[in-house]
Amino acid sequence: MASIAESLAQWAVELEPGAEDLALAQRSLVDTAAVTLAARNHPLTGIAAGLPDAARWAAIGHVLDFDDLHIESTTHISVVTVPVVLATGGDARAYLAGAGVMARLGSALGWSHYSAGWHATCTAGAPAAAVAAGIALGLSTEQLATAMALAVPAAGGVQNAFGTHGKSLQVGFAAQAGVRAAELAQAGATADPSALDAWLELVGGTGRLDLAGPAVPGGLAIKVYPCCYAMQRPIAALRDIRHNIRGAVRGVRVCTPEPTVKPLIHDRPGTGLEGKFSLPYAVATALLDHYPDFAAFTDDAVNRESAQSLLRQVEVSYTPGEEGLLTGEVDIEVEHDGPALRVSLAQPPGAPSRPPTEAELREKFTACGEDVPGLLAAADWKSVRELLQRIFPRTGNVE
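Remember, predicted model here, so these are calculated numbers, not experimental data.

Undergrad: Would you take a moment to explain the overall build of the protein chain for this structure?
TA: For the protein chain, the count of helices and strands is 19 helices and four strands. Its C-alpha atoms give the protein chain a radius of gyration of 21 Å, within 12% of the compact-globule value 21 Å for 399 residues. When the backbone C-alpha atoms are referred to their principal axes, the protein chain occupies close to 70 × 45 × 40 Å. Looking at the protein chain as a whole, 58% of its 399 residues are labelled buried. Contacts in the protein chain between residues at least 24 apart in sequence constitute 80% of all its contacts with a sequence separation of at least 6. Element-wise, carbon and sulfur atoms account for 51% of the exposed surface of the protein chain, whose accessible area totals about 15200 Å². One finds the centroid of the 28 positive side-chain charges in the protein chain at a distance of 6 Å from the centroid of its 43 negative side-chain charges.

Undergrad: Which parts of the structure should I look at to understand the domain arrangement of the protein chain?
TA: The figure often quoted for interface size is the accessible area lost as the parts come together. What the domain assignment reports for the protein chain is domain 1 (4–224 + 357–391) and domain 2 (229–345). Inter-centroid distance (C-alpha atoms) of domain 1 to domain 2 is 29 Å. Counting residues at the interface gives 22 residues for domain 1 and 18 residues for domain 2. Summing both partners gives a buried area of about 1800 Å² for domain 1 against domain 2, and 70% of it is carried by carbon and sulfur. Ranking the residues of domain 1 by area buried against domain 2 places Trp111, Phe162 and Gly163 at the top, with a combined share of 31%. Counting every contact that joins domain 1 to domain 2 gives five residue pairs in polar contact (both at pLDDT 80 or more).

Undergrad: Please explain the side chain of Lys276 as it appears in this structure.
TA: Relative to the helices and strands, Lys276 resides in the loop between helix H13 (272–275) and helix H14 (279–288). As a buried residue without a salt bridge, Lys276 has its nearest oppositely charged side chain in Asp65, at a separation of 6.0 Å. Excluding anything up to four places from it in sequence, Lys276 contacts Val63, Leu64, Asp65, Pro226, Cys227, Cys228, Met231, Leu264 and Phe297.

Undergrad: Explain the nonpolar core to me, please; I cannot follow it from the model alone.
TA: Within soluble globular proteins, side chains that are nonpolar generally end up buried alongside one another. Counting residues in hydrophobic clusters, the biggest one holds 144 residues, and the most contacted among them are Tyr95 and Leu376. By residue number, the principal contributor to this core is helix H6 (residues 92–115), which donates 14 residues. Among the domains, domain 1 (4–224 + 357–391) and domain 2 (229–345) are the pair contributing at least three residues each to this core. Setting aside residues no more than four positions away along its own chain, Leu376 makes contact with Val30, Ala33, Ala34, Leu37, Val384 and Leu387.

Undergrad: Is there a simple way to explain the sheet that holds strand E2 (residues 314–319) in this structure?
TA: Pairing is mixed across the open sheet formed by four strands, whose spatial order is E2-E1-E3-E4. Every interior strand has two partners, whereas the edge strands, E2 and strand E4 (341–345), have only one. Taking each pair of neighbouring strands and ignoring which way they run, the sheet shows an average axis angle of 15 degrees. The pairing of strand E1 (residues 251–257) with strand E3 (residues 330–335) spans five bridges and is classified as antiparallel. In the strand pairing of E3, Val254 is matched with Ile332.

Undergrad: Got a minute to help me understand the pairing of E1 in this structure?
TA: Most of E1 sits out of view: five of its seven residues are buried. Examined bridge by bridge, E1 and E2 share six bridges and lie parallel to one another. Each residue of the ladder has a partner; that of Cys255, found in E2, is Ser317.

Undergrad: Would you explain helix H19 (residues 381–391) in this entry?
TA: Working note: α-helix, 3.6 residues per turn, so residues spaced by three or four point in the same direction. Those residues of H19 not exposed but buried are Trp381, Val384, Leu387 and Leu388. Here the buried residues of H19 occupy an arc of 125 degrees about the axis, which is enough to place them on one side. Away from the buried face of H19 by more than 90 degrees, exposed residues Lys382 and Arg390 are located. Of the surrounding secondary structure, the elements contacted by the buried residues of H19 are helix H2 (19–37), helix H4 (53–62), helix H5 (77–87), H6 and helix H18 (372–375). One side-chain oxygen of the residue at the start of H19 lies 3.2 Å from the amide nitrogen of Lys382, identifying that residue as Asp380.

Undergrad: Looking at this structure, how should I read the state of the cysteines?
TA: Enumeration according to the criterion identifies zero disulfides in this entry. Unpaired in this structure, Cys122 has its nearest cysteine sulfur neighbour in Cys228, at a distance of 14 Å. Summary of cysteine pairing: Cys368 is not part of a disulfide, and the nearest cysteine sulfur, belonging to Cys227, is at 13 Å. Taking the relative accessible area as the measure of exposure, Cys368 reaches 5% and is therefore buried.

Undergrad: What exactly am I supposed to notice about the pattern of salt bridges here?
TA: Where charged atoms of side chains with opposite charge meet at close range, the side chains can pair. Applying the stated criterion across every chain yields a total of twelve salt bridges. Note that Arg253 and Glu333 form a salt bridge whose closest N and O atoms lie 2.0 Å from each other. Taken together, the residues span a long stretch of sequence, with Arg253 in strand E1 and Glu333 in strand E3 at a distance of 80 residues. The class for Glu333 is buried, based on a relative accessible area of 14%. Across the pair Arg304 and Asp289 runs a salt bridge whose closest N-O atoms are separated by 2.8 Å. Pair noted here: Arg304 is in the loop between helix H15 (299–302) and helix H16 (305–311) and Asp289 is in the loop between H14 and H15, with a separation of 15 residues, a long-range link. One salt-bridge network, held together by shared partners, links Arg253, Glu333, Glu335 and Arg342.

What counts and what doesn't
- Residues numbered from 1 in each chain as written.
- Predicted model: local features only at pLDDT ≥ 70, side-chain atom pairs only at ≥ 80, totals over all residues.
- Heavy atoms only, no water.
- Helix = DSSP H or I, 4+ residues; strand = E, 2+ residues; numbered from the N terminus.
- Rg over C-alpha atoms; globule rule 2.2 N^0.38 Å.
- Buried < 20%, exposed > 50% of the residue type's maximum accessible area, 1.4 Å probe, protein only.
- Contact = heavy atoms within 4.5 Å.
- Areas by Shrake-Rupley, 256 points an atom, 1.4 Å probe, with all protein chains shown as cover.
- Lys, Arg positive; Asp, Glu negative; His and termini not counted.
- Charge placed at Lys NZ, Arg CZ, Asp CG, Glu CD.
- Domains from an automatic or database assignment.
- Buried area = accessible area lost by both parts, 1.4 Å probe.
- Polar contact = N/O pair within 3.5 Å; in protein donor to acceptor, adjacent residues only side chain to side chain.
- Salt bridge = Lys/Arg side-chain N within 4 Å of Asp/Glu carboxyl O.
- Core = buried A, V, L, I, M, F, W, Y, C linked by side-chain atoms within 4.5 Å.
- Pairing = 2+ DSSP bridges.
- Axes fitted to C-alpha atoms, helices over the stretch in contact; angles between N-to-C directions.
- Arc of directions from axis to C-beta.
- Disulfide = S-S within 2.5 Å.

Take a look at the structure:
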């Protein structure tokens, strides 16, 4: 009986992308490049400057938390696999192979793995990065399974890192681990592919894999706001009613299924990074800011007296819910100088069932930098690789 690594490797080698798969790959390339360019002036860009290409670009691409998400696996697929493919000279097929493996591995890990505190983007990401790099490098099925096994030691990462540089850096480490594993397999290193089966069981995975369907089953959610995906829905809900608020806000009650806020670990954020993982701050920025953009997630913005005051007025209650970040719906009530306002929302803009319009994508890319739409107007895998090498060159040497 084939191991999980052998089954996934065979699927990846035999993958023949369809038109919809290739369209998703192109959107993922441009979206990931845009959010990476948006971090040009972020402090982490200098901190990560000595890392190898895949690690550097993945860490920078994730630090603003504006990159896409695979809902079913709770993984940021493209920010791992796009940098890996770029660093190894691959193309859309290599991306789709890695992305498909990451989606399936993350789904096999299941919600219990994520809710236990693992950062599934890293745990599922390292073996998937090995596949993306391996397809780009032309590895055989056997070598690809070996590469996945060699990536197992790096398949870690925890949610305690959320709100610090550690979150984006551990994503970078997972990406680079995949490149290293693929290069070692290409050089002749051996490993037992069943190591992936053993790892999956040890970290609480179900071991069930569905290799049918499109390359990336379920598609990808595109973020409209630069913060944790768990904040997209409450922000969008409040933006629907904020224009009806009269006078002062006297209280905000949020009721949501408990699984939907699992990553939001900072109830009283004091930094911009912590604000990206805070349900009360999602309420504050949605009510205070015309559009919660990058400026809304700075240290100064989070520490505004108006924001800190609103944080103290937010009451959160939870209902039982099925697993996942978009289970059920969020219900919000705002007390103000007029009659109480109530709003409910199930699917935020950018969700797979509510994909972004061309206008929304243009707005997002422009928010990433006035020059970004022009820089990416004719983007392909080769041109984006050259662009990132020019804008984010490696300086120093941190292995």
